[in-house]
Amino acid sequence: MTFLRLGKEVKKMAAPMKQTVKQLPAWRLVLAKWAYNKSYFPQLGMMRDDCLYETSDVKEAIRRLPRDVYDQRTFRISRALHLSVKKDILPADEWTKWEEDERYLKPYLDEVLKEKKEKQEWAMK
């Protein structure tokens, strides 16, 4: 089975987030990894951003995703739904690892929120 990975463009955008994580105290990093590994979504091959509640802002950010990243997201979600219906999980070597989990939606969501704030500021003038 082949794995779908994020494109180089999205990985470059997620790099600052990884640098922030590296600056965490060691005990918080260990706790974060433990909590991540105990979560259900990595066992289904999903990423954190696949599980976000879809508000209007998140939906707009998803709409702005590059086609290949959107297709990968759709594949992960559909595979997770299929596994969940079967009451099954992926083999342990196919789980999403903490180190591989990228916040691929964050740059787009930040952009949407920034635009929304800017529109509100212009409306107040």
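Residues numbered from 1 in each chain as written. Predicted model: local features only at pLDDT ≥ 70, side-chain atom pairs only at ≥ 80, totals over all residues. Heavy atoms only, no water.

Chemist: What is the right way to look at a nonpolar patch on the surface in this model?
Modeler: On the surface, a nonpolar cluster with roughly 420 Å² of combined accessible area is contributed by Trp27, Leu31 and Trp34. In this structure, Leu31 sits in helix α2 (residues 26-38). Since its relative accessible area comes to 48%, Leu31 is described here as partly exposed. (Patch = residues over 30% accessible without salt bridge, like charges linked within 9 Å, V, L, I, M, F, W, Y side chains within 5 Å. Areas by Shrake-Rupley, 256 points an atom, 1.4 Å probe, with all protein chains shown as cover. Salt bridge = Lys/Arg side-chain N within 4 Å of Asp/Glu carboxyl O. Helix = DSSP H or I, 4+ residues; strand = E, 2+ residues; numbered from the N terminus. Buried < 20%, exposed > 50% of the residue type's maximum accessible area, 1.4 Å probe, protein only.)

Chemist: I would appreciate a short explanation of the packing of helix α3 (residues 56-63) against helix α5 (residues 106-124) in the present structure.
Modeler: What describes two packed helices is the angle between their axes and the distance between those same axes. α5 packs onto α3 with a crossing angle of 125° between their chain directions and a minimal axis gap of 8 Å. Between α3 and α5, the interaxial angle falls into the category oblique. Considering only the axes of α3 and α5, their crossing is right-handed. Mapping the contact onto sequence places Asp57, Val58, Glu60 and Ala61 in α3 and Tyr108, Leu109, Val112, Leu113 and Lys116 in α5. (Axes fitted to C-alpha atoms, helices over the stretch in contact; angles between N-to-C directions. Parallel < 35°, antiparallel > 145°, perpendicular 65-115°, else oblique. Left-handed = near helix turned anticlockwise from the far one by under 90°. Contact = heavy atoms within 4.5 Å.)

Interpretation in functional terms is not warranted from these geometric data alone.
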